[in-house]
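Residue-level listing of the chains:
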Amino acid sequence: MSLLVITGPTASGKTARAVDVARELSGEIISADSRQLYRGMDLGTGKDLEEYGDVPYHLIDICPAGYRYNLYEYLRDERKAREEIINRGHLPILCGGTGLYVESVVNGLALPEVPANEELRQSLSHHTLEELTAILASMKQLHNTTDVDSCKRAIRAIEIAEYYRVHPEEAAASVPHPIRDAVIVGVEIDREARRCRISNRLKARLKAGMIQEVESLIASGVSPDNLIYYGLEYKFITLHVTGEISRVEMERQLEIAIHQFAKRQMTWFRGMERRGHTIYWLPYDMPRQEFIETVKSLLPSP
């Protein structure tokens, strides 16, 4: 087979499960986490690199903090990593909770590199985000909000859509080729257990120095606006560090935001199922060896 996916909401323990399976099946892990890509953003993204031990991992710590990595880059880098793992005779295991990344990989989404169109960018530079969103919506169906979460990204999305209009042959080349033999395993955790784990993990990370991590990133030259862009821990801790909210308010708002984020993740995964993907949900507290054996039973015979 060409891909095993282990996914689930934040705090479900999916990384540890992926590591257990990788050791058993001679696998290598490809991260599907949109924030673990960045160097220096460790506690806030929950990298927990010590969990991997001797298991090789990919697409973690590949970009400087402050950079805005995009889906095109992720699909390019994921495909390269997966091909190299397969060529080594190992099993690629995609692990993470960024639903857009997981579904795009499994769908075999292809995004050709689109060059900058400076004339178009200049003509759009004075539009509001609302106006840019309307322009993009007139050119393509909007499947997610990541294309329009800032004027810069909206302009880039319009630039890509316009390129495809002018170069239909490139649009034809971008037709997805789904990974037919991908097996998707979800780590299922009930709402109360998830809430408890999220709250306990947040306290532990704050105690371990998550505020100091953000202060260090800002001191190294990463702008507060870029950290706020990454959301969740980096958004609320940056607002606290820059004096906009108190420590108490930061912790309160952040905990609420993480719980809401976990709910959005589950909404995405349920949407994947409605869109035709089979996700085999296994309990988060299933005994280790039973989890491994169950995953093995789901894989196609060699």
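Let us look at the structure shown here. (Residues numbered from 1 in each chain as written. Predicted model: local features only at pLDDT ≥ 70, side-chain atom pairs only at ≥ 80, totals over all residues. Heavy atoms only, no water.)

1. Quick notes on unusual backbone geometry
Positive phi, close to 45°, is recorded for Asp-48, a residue that is not glycine. Position of Asp-48 relative to the elements: it lies in the loop between strand E3 (38-39) and strand E4 (57-58). In this structure, Asp-61 takes a positive phi of about 60° despite not being glycine. (Helix = DSSP H or I, 4+ residues; strand = E, 2+ residues; numbered from the N terminus.)

2. A closer look at the packing of aromatic side chains
For any pair of aromatic rings, the description consists of the separation of the ring centres together with the inter-plane angle of the planes. Under the defined criterion, the tally for this structure stands at six aromatic pairs. Note on Tyr-52 and Tyr-57: the rings are 4.7 Å apart at their centroids and 40° apart in plane angle, and the pair reads as tilted. You can call Tyr-52 buried: its relative accessible area is 2%. Residue Tyr-57 is classed as partly exposed on the basis of its relative accessible area, which comes to 34%. Ring centres of Tyr-163 and Tyr-164 lie 6.4 Å apart, and the angle between their planes is 55°; on these two criteria the pair is classed as tilted. Like Tyr-164, Tyr-163 is buried. Pairwise contacts between aromatic rings join Tyr-38, Tyr-229 and Tyr-230 into one cluster. When the ring centre of Tyr-229 is taken as origin, the NZ or CZ atom of Arg-68, which lies over that ring, is 3.7 Å away. Here the guanidinium or amino end of Arg-270 rests over the ring plane of Trp-281, the centre of that ring lying 4.9 Å away. (Phe/Tyr/Trp six-rings, centres within 6.5 Å; stacked < 30°, edge-to-face > 60°. Buried < 20%, exposed > 50% of the residue type's maximum accessible area, 1.4 Å probe, protein only. Lys NZ or Arg CZ within 6 Å of the ring centre and 35° of its normal.)

3. Regarding the pattern of salt bridges
For the structure shown, the criterion picks out 22 salt bridges. A salt bridge links Asp-42 to Lys-47; the shortest N-O distance between them is 2.8 Å. Here Asp-42 falls in the partly exposed class, since its relative accessible area comes to 35%. We classify Lys-47 as buried; its relative accessible area is 2%. (Salt bridge = Lys/Arg side-chain N within 4 Å of Asp/Glu carboxyl O.)

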